[in-house]
Amino acid sequence: MKAISNFVKVFSDLIEKVCEGIGTLSVAAFVVIISLQVVCRNFLKIPMVWANDISVVCFVWAVFLGSAIAVRHRAHYVLAFLPDRFEKSNCLLDIISNIAGIIFFYVLIRYGSVYTIMGMKRLSTAINIPQAYFFMCIPLSGCFMMWYTLIHMVNDVRRMISLFNKKGDLNG
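Residues numbered from 1 in each chain as written. Predicted model: local features only at pLDDT ≥ 70, side-chain atom pairs only at ≥ 80, totals over all residues. Heavy atoms only, no water.

## A closer look at the environment of Phe30
Heads up, the rule is: We count a stretch as a helix when DSSP gives it H or I for four or more residues in a row; a strand needs E for two or more, and each element gets its number in order from the N terminus. Whether two residues touch is decided by their heavy atoms; if any such pair falls within 4.5 Å, the residues are in contact.
Relative to the assigned elements, Phe30 resides in helix H1 (residues 2–42). Along the sequence, Phe30 and Ile54 sit 24 residues apart, while their C-alpha atoms lie 7.7 Å from each other. Beyond its immediate stretch of four places on either side in the chain, Phe30 contacts Ser55, Cys58 and Phe59.

## Brief notes about the UniProt feature "transmembrane region" (unreviewed entry) in the protein chain
Quick note on the threshold: UniProt positions are given in the numbering used here, feature names are shortened, and annotations may be inferred rather than shown by experiment.
Mapped onto the present numbering, the UniProt feature "transmembrane region" (unreviewed entry) falls on residues 21–44, 50–71, 92–112 and 132–151. Secondary structure across residues 50–71 comprises 100% helix and 0% strand; the distance between its end C-alpha atoms is 32 Å. Within residues 92–112, the helical portion is 100% and the strand portion 0%, while the C-alpha atoms at the span's ends are 30 Å from each other.

## Let's talk about the pattern of salt bridges
What counts, and what does not: Any Lys or Arg side-chain nitrogen found within 4 Å of a carboxyl oxygen on Asp or Glu counts as a salt bridge. Think of it in three bands: residues with accessible area under 20% of the maximum for their type are buried, residues over 50% are exposed, and the middle band is partly exposed, with areas taken using a 1.4 Å probe on protein chains only.
Inspection of the entire model under this criterion finds seven salt bridges. The residue Asp13 makes a salt bridge to Arg72 at a minimum N-O spacing of 2.7 Å. Of this pair, Asp13 sits in helix H1 while Arg72 is found in helix H2 (residues 49–72), placing the two residues 59 residues apart along the sequence. The exposure class assigned to Asp13 is partly exposed, which follows from its relative accessible area of 28%. Residues joined by salt bridges that share partners form a network here, namely Lys9, Asp13, Glu16 and Arg72.

Next comes the structure, spelled out in structure tokens:
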């Protein structure tokens, strides 16, 4: 069991490092391209038609990979319905939100893959590359978010079991 737990942690850390690296490069490229486009258009009077396509790709990749990192750290927005003292009820709500997340991430993976495959047949207007490169981050980040949510689900179920095994606990 310890070996599986170590593998999950190492694999999750690797996914996060990849997401951070690609996301950082995407944001940096986005900023450089947009800055260059502004300078070329306003001062040099040179249009950079390709800059819009590349900046959109960079922005979308950064957002989706950043979302995967946010799911891992549960850094997304949450709405607290109950005070913290209702541990069992809050744990149950966490499990329900994990189930909703799994359904949503399945949709991202399933239909994002279909959309990506469709994008292989369409070329971007300015740079003439398949639009699949624009959309590929949707199913990829969906897989990462699904992975992290499944880990949260296992941990939340374990936490729920331990809460119900406590003797004499009346709250929740």
